[in-house]
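Spelled out from the first residue to the last, the chains are:
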Amino acid sequence: MSNEVFRPLRGATRAQPAAALANTQHTANRLFQTSTMSALLDGVYDGDFTIDALLEHGDFGLGTFNALNGEMIVNDSDVHQLHAEGGVSDVPLDALTPFACVTFFKPEQRFELERPMTKAEFEALIDERIGNSNLIVAVRFTGIFEDVHTRTVFCQCKPYPKMLEVVAKQPTIRFGATSGTMLGFRTPIYMQGINVAGYHVHFLDMDAGKGGHVMDYKLHAGEVELAVISDVEIALPRNEAFAKADLNPADLHESIRIAEGE
Ligand code: ZN
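The structure presented is a predicted model; accordingly, all values stated were derived computationally and were not measured. (Residues numbered from 1 in each chain as written. Predicted model: local features only at pLDDT ≥ 70, side-chain atom pairs only at ≥ 80, totals over all residues. Heavy atoms only, no water.)

## Let's talk about the overall build of the chain
Consideration 1: Broken down by element type, the chain carries 7 helices and 16 strands.
Consideration 2: Relative to the compact-globule value of 18 Å for 262 residues, the chain shows a C-alpha radius of gyration of 17 Å, a close match.
Consideration 3: For the C-alpha atoms alone, the extent of the chain along its principal axes is close to 55 × 40 × 35 Å.
Consideration 4: The 262 residues of the chain split such that 55% are buried.
Consideration 5: When the accessible surface of the chain is split by element, carbon and sulfur atoms take 51% of a total near 11700 Å².
Consideration 6: Between the centroid of the 21 positive side chains of the chain and the centroid of its 36 negative side chains there is a distance of 2 Å. (Helix = DSSP H or I, 4+ residues; strand = E, 2+ residues; numbered from the N terminus. Rg over C-alpha atoms; globule rule 2.2 N^0.38 Å. Buried < 20%, exposed > 50% of the residue type's maximum accessible area, 1.4 Å probe, protein only. Areas by Shrake-Rupley, 256 points an atom, 1.4 Å probe, with all protein chains shown as cover. Lys, Arg positive; Asp, Glu negative; His and termini not counted. Charge placed at Lys NZ, Arg CZ, Asp CG, Glu CD.)

Now the structure itself:
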């Protein structure tokens, strides 16, 4: 069995980074993802997809890194690795991801937040503005937060534990008042398992010094950008771990809810 995932053929050398090339020829607001959330949940923490290849499919998004080594946030083609120990680092283009979702984000709605909002209020506002719960939404908030509560997964060693064991021990951090960017996707309920149903967003502070997978927040003021996504491409791994993974467990919905901190 091949250990390769499908990815576009590329030259051995290139003068320009992939993202710079891709920006000249991309399709906006099309979701590209590697693997599935259910595979991650089942402990498939090693992928064959490089960050370089990922950036050919989007300049905006989120995910994780091989061995579940922290959270990924991609904003304007900048990829950051948010570490469980607290720091943030840039990512080499040959780093690998087992699960990531990206798009070339072209906002279709852009507006200022009218008043401070809780997570539930903000999500309701987006739902109302989009008016269609069966499509994906890319969302970015840039501004001031009254509070942000995140978690960041730790790098795992083989044999890999299942994700629910990992998240039970993961550190969570309350940042309190801060400013920065929160971005990600709203995914329809029928896509649970392929992706994370509902809102899945990551946070990076203004100085790119801290961040994580967002569990809860309260927004104070800032700019909201939204785009609807109706076009999706999924690159499924051809490796042995994915081949043997249980991608349809009976407790899928509850497990993802716990794993993602809904
Ligand atoms: Zn996440």
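## Some points on the pairing of strand β4 (residues 71-75)
On a regular strand, each side chain points to the face opposite its neighbour's, so the side chains alternate between the two faces of the sheet.
Consideration 1: A large share of β4 lies buried, amounting to 5 of its 5 residues.
Consideration 2: What you see with β4 is no split at all: E71, I73 and N75 on one side and M72 and V74 on the other are buried throughout.
Consideration 3: Across 4 bridges, the pairing between strand β3 (residues 60-64) and β4 is antiparallel. Across the sheet, residue T64 finds its bridge partner in β4, namely E71.
Consideration 4: Adjacent in sequence and paired antiparallel, β3 and β4 are bridged by 6 residues, among which A67 carries a positive phi angle near 70°.
Consideration 5: Sheet analysis places β4 next to strand β5 (residues 78-82), joined by 5 bridges and oriented antiparallel. (Pairing = 2+ DSSP bridges.)

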